[in-house]
Amino acid sequence: MEHHTPSAAQLLRKTQRLSIAGATRASIGMRTSNSFESAKRRSTLLMTPASNKRQSVYAVNGNSEAPGSSQTVNSQSQLSQNLFPLSERRDQRPLRDRNYQTLILEEIYDFLVTNKFELEMNHPITKKTLRQPTQKDFVLIFQFLYGRIDPHYKFTRAIETEVFLLLKILNYPYLDGINRSSISAVGGQNWSAFLGMLYWLVKLNLSLLNLNEDSLIAPDDVFDRVFIKYIISSYRAFIDQKEDYTEFYEEMKQAFDTANNDVILALEEKQKAGETLRKEFDQLNKQYSELEEAEAKSKALENDLKQFSNYMMQMEARQAKWGELLQQMQTGIEQAEQQLVDLETEKKTYENIISTKGYSISDIDKLNMERDKLSKAIDSIYNRIKDAEDGMTKKEQDLRQSLQSLESFVNQYNLMTQRIPVSENQLFELSINTSIMEENAKLDPEHILNKTLREEKIRLLESRSELTQEIHRIQEDNFKVGEQVDQYSEKIFDQQEYIEGLEAEVTKNKLTHDEILDTMLSEGTSYTAQIEKMQRELQGMQINVNKGVIDAETRHKELNIMFQELKYHIKEQREVMHDTVQKLINYVILFKLNVQENIEELDILTLRELNVEEQGQ
């Protein structure tokens, strides 16, 4: 039976679905973290450089793209984001700091020397070269660093186009700070940004040094290993210009069937073992339930036995006391009968005494009833007086609370009016007349305060009108100042355009200088070839001897770089705090203006209520 074998383009398009399928199987098998590592390994696999028999998958030339190259570029961009996550697009590194530049410059130099830049590129490299590079120096360094990532890539187009597109393919996080025109003249003020870009490429190379083919395959996912091995074999065949992948497909299918059968057998064994354990669990659970019921019954019987024993002991103790209790009860009955006889005798004595005085029992009952009626009348009158006193006390408290509220309102009014900028003769201040505190004083609403509210309102309206005029005058002055600022801004913009023109001329002169310098260096290279060769051999010997020292210095430089980055981050946080304080100040000003508007609304509401009261009177 024939099977349809996928082409190379289809394989490249299936790589994204592979990542999703692998992640799904990992989540089912409770291996989420391993799935993420597997995805990273698969993403690095897709970045493997092509053979020199076909152009690299990184190629951006439209005429020489490999099949499915557009999908490859997109997948590489996404996978690069997974390997090197972007926190922010804005470059937060202190690239213009001289100390930071020195640290990353030395690390770039050490990497180039360690990896034999001079031998491979046939071009001398010194620390001074990295401080003041020519266009040729930058081009060779970039080609060397990128060549270690993709050794089979061929630079065929203009350098500004090549650099920009390759950085975009690698998903350089700070590409916004680099434009095509600046790539053609990297020296001068723009060199710090390109130095940071070269340092990023060095870090990328270091992160890829320890990757190998075995580490790209997840050890815990059999199906991923089978499929990735099929991709590797097909990709190698594609590089060797072979279009038939049937053999690899059959191997993958056979391996997949074998792995699938193993998984099914393991699953069946697990299911059988689970069923056996479930039956044992049910049996043990049943025995445990019977045991719990027996224990509960035993505890209930023990409690009943204890209660019955206690009851028997109490009954036996009471039985011994029953004779004494019966004797006491008989004595009590006899005493009660004797007391009853005494009370009957005393009653007859009192009735004889009342009869001799001319009173009957009915007369005494009537007197008691009249006394009760008088007591109830006295209590009713007392309650009325108490209610009247409570009412007077409550009214007095209400008046005092009203007076306190009025005093509080007057104090608030005085505090608010003190903020109004007026002369001492025109102060807005109210006070309560002390005469209303006297007893039997007649309360008149017009004489409670020392001023009439109508006159005070007129004065407030006049003051508001004056303040409004002053505000309009200040706004006009601000508008005039704004026009002057705009004029100065236009002048500054003209000066900036003039400066940019001068910078363009300087750049042009710099290019001419670089071309002359390149010519001088090429002539000097022919005379110093033997000296440079001996220097390279000496440098190689020094590198081998001082490898441990270089590693320690590299670690020290990295720590210094981290310190500089942390220092720069703290500086940015301080600027954010300053911005926050400024926002708080603006909020307080707005709050103050809102309070003033509420005061004005309160004044208007007060005037309306006064008018209503005056109309009601």
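Above this text is the structure in question.
To start, this report covers the structure provided alongside it. (Residues numbered from 1 in each chain as written. Predicted model: local features only at pLDDT ≥ 70, side-chain atom pairs only at ≥ 80, totals over all residues. Heavy atoms only, no water.)

### Considering the pattern of salt bridges
Alright, step 1. Throughout the structure, instances matching the rule amount to 10 salt bridges.
Alright, step 2. Put simply, aspartate 257 and lysine 253 hold a salt bridge, and the shortest N to O gap is 3.5 Å. With a gap of four residues between them, aspartate 257 and lysine 253 both fall in helix 12 (residues 246-356), about one helical turn apart.
Alright, step 3. According to the relative accessible area criterion, lysine 253 is partly exposed, its value standing at 30%.
Alright, step 4. A salt bridge links glutamate 558 to arginine 555, with the shortest nitrogen-to-oxygen separation between them at 3.8 Å. One end of the pair, glutamate 558, and the other, arginine 555, are both in helix 16 (residues 547-616), three residues apart, so they sit about a helical turn from each other. (Salt bridge = Lys/Arg side-chain N within 4 Å of Asp/Glu carboxyl O. Helix = DSSP H or I, 4+ residues; strand = E, 2+ residues; numbered from the N terminus. Buried < 20%, exposed > 50% of the residue type's maximum accessible area, 1.4 Å probe, protein only.)

### Some words on a negative patch on the surface
Alright, step 1. A contiguous patch of negative charge on the surface is contributed by Glu483, Asp486, Glu490, Asp494, Glu497, Glu500 and Glu503.
Alright, step 2. Topologically, aspartate 486 is positioned in helix 14 (residues 453-527).
Alright, step 3. Judged by its relative accessible area of 47%, aspartate 486 falls in the partly exposed class. (Patch = residues over 30% accessible without salt bridge, like charges linked within 9 Å, V, L, I, M, F, W, Y side chains within 5 Å. Areas by Shrake-Rupley, 256 points an atom, 1.4 Å probe, with all protein chains shown as cover. Lys, Arg positive; Asp, Glu negative; His and termini not counted. Charge placed at Lys NZ, Arg CZ, Asp CG, Glu CD.)

### Quick look at unusual backbone geometry
Note: most peptide bonds trans; most residues except glycine with negative phi.
Alright, step 1. Residue asparagine 122 is not a glycine yet carries a positive backbone phi of 55°.
Alright, step 2. With respect to the helices and strands, the residue asparagine 122 is situated in the loop between helix 5 (117-121) and helix 6 (127-131).
Alright, step 3. Taking relative accessible area as the criterion, asparagine 122 reaches 65% and is therefore assigned exposed.
Alright, step 4. Located in the positive-phi region is asparagine 171, a residue other than glycine, with phi close to 60°.

### A word on the packing of aromatic side chains
Alright, step 1. Scanning all chains against the criterion turns up 14 aromatic pairs.
Alright, step 2. Both rings, one in phenylalanine 117 and one in phenylalanine 144, keep their centres 5.2 Å apart while their planes meet at 85°; by these two values the pair is edge-to-face. Placement of the pair is phenylalanine 117 in helix 5 and phenylalanine 144 in helix 7 (residues 135-149), with a sequence separation of 27 residues.
Alright, step 3. A relative accessible area of 1% places phenylalanine 117 in the buried class.
Alright, step 4. By way of ring pairs, the aromatic residues Phe138, Phe142, Tyr146, Tyr153, Phe155, Trp191 and Phe194 are connected into one cluster. (Phe/Tyr/Trp six-rings, centres within 6.5 Å; stacked < 30°, edge-to-face > 60°.)

### Some details on the nonpolar core
Alright, step 1. Phe138, Leu145, Met197, Leu198 and Leu201 are the most contacted members of the largest nonpolar core, which totals 47 residues.
Alright, step 2. In terms of residue count, the dominant contributor to this core is helix 10 (residues 191-207) (10 residues).
Alright, step 3. Setting aside its immediate chain neighbours within four residues, leucine 198 contacts Ile108, Phe138, Ile141, Phe142, Leu145 and Trp191.
Alright, step 4. One finds Val226, Ala237, Ile239 and Met252 within the second-largest nonpolar core, a separate group that totals 11 residues. (Core = buried A, V, L, I, M, F, W, Y, C linked by side-chain atoms within 4.5 Å. Contact = heavy atoms within 4.5 Å.)

### Some points on a nonpolar patch on the surface
Alright, step 1. Residues Val581, Ile585, Ile589, Leu590 and Leu593 make up a contiguous nonpolar surface patch of about 450 Å² in total accessible area.
Alright, step 2. Residue placement: leucine 593 occurs in helix 16.
Alright, step 3. Leucine 593 sits in the partly exposed class, given a relative accessible area of 43%.

### Some details on helix 12
Alright, step 1. Helix length check: helix 12, at 111 residues, gives a terminal C-alpha distance of 145 Å against a target of 165 Å (1.5 Å per residue), a shortfall beyond 12%.
Alright, step 2. Taking the largest bend as the criterion, helix 12 deviates by roughly 40°, centred on lysine 321.
Alright, step 3. Here helix 12 has its buried residues at Tyr249, Met252 and Ala259.
Alright, step 4. Positioned one or two residues after helix 12, glycine 358 has a phi angle of 85°, which is positive. (Expected span 1.5 Å × (residues − 1). Bend = angle between axes of the 7 residues up to and from the residue.)

### Describing the packing of helix 7 against helix 10
Alright, step 1. Look at helix 7 against helix 10: their axes get within 9 Å of each other, and the N-to-C directions meet at 25°. Regarding the angle of helix 7 to helix 10, the classification is roughly parallel. For the element pair helix 7 and helix 10, the recorded crossing hand is left-handed. Taking contact as the criterion, the partners of Phe138, Ile141, Phe142, Leu145, Arg148 and Ile149 in helix 7 are, on helix 10, Trp191, Phe194, Met197, Leu198, Leu201, Val202, Leu204 and Asn205.
Alright, step 2. Looking at side-chain class alone, the contact of helix 7 with helix 10 contains 12 nonpolar, one polar and one charged residues. (Axes fitted to C-alpha atoms, helices over the stretch in contact; angles between N-to-C directions. Parallel < 35°, antiparallel > 145°, perpendicular 65-115°, else oblique. Left-handed = near helix turned anticlockwise from the far one by under 90°. Nonpolar A, V, L, I, M, F, W, Y, C, P; charged D, E, K, R; others polar.)

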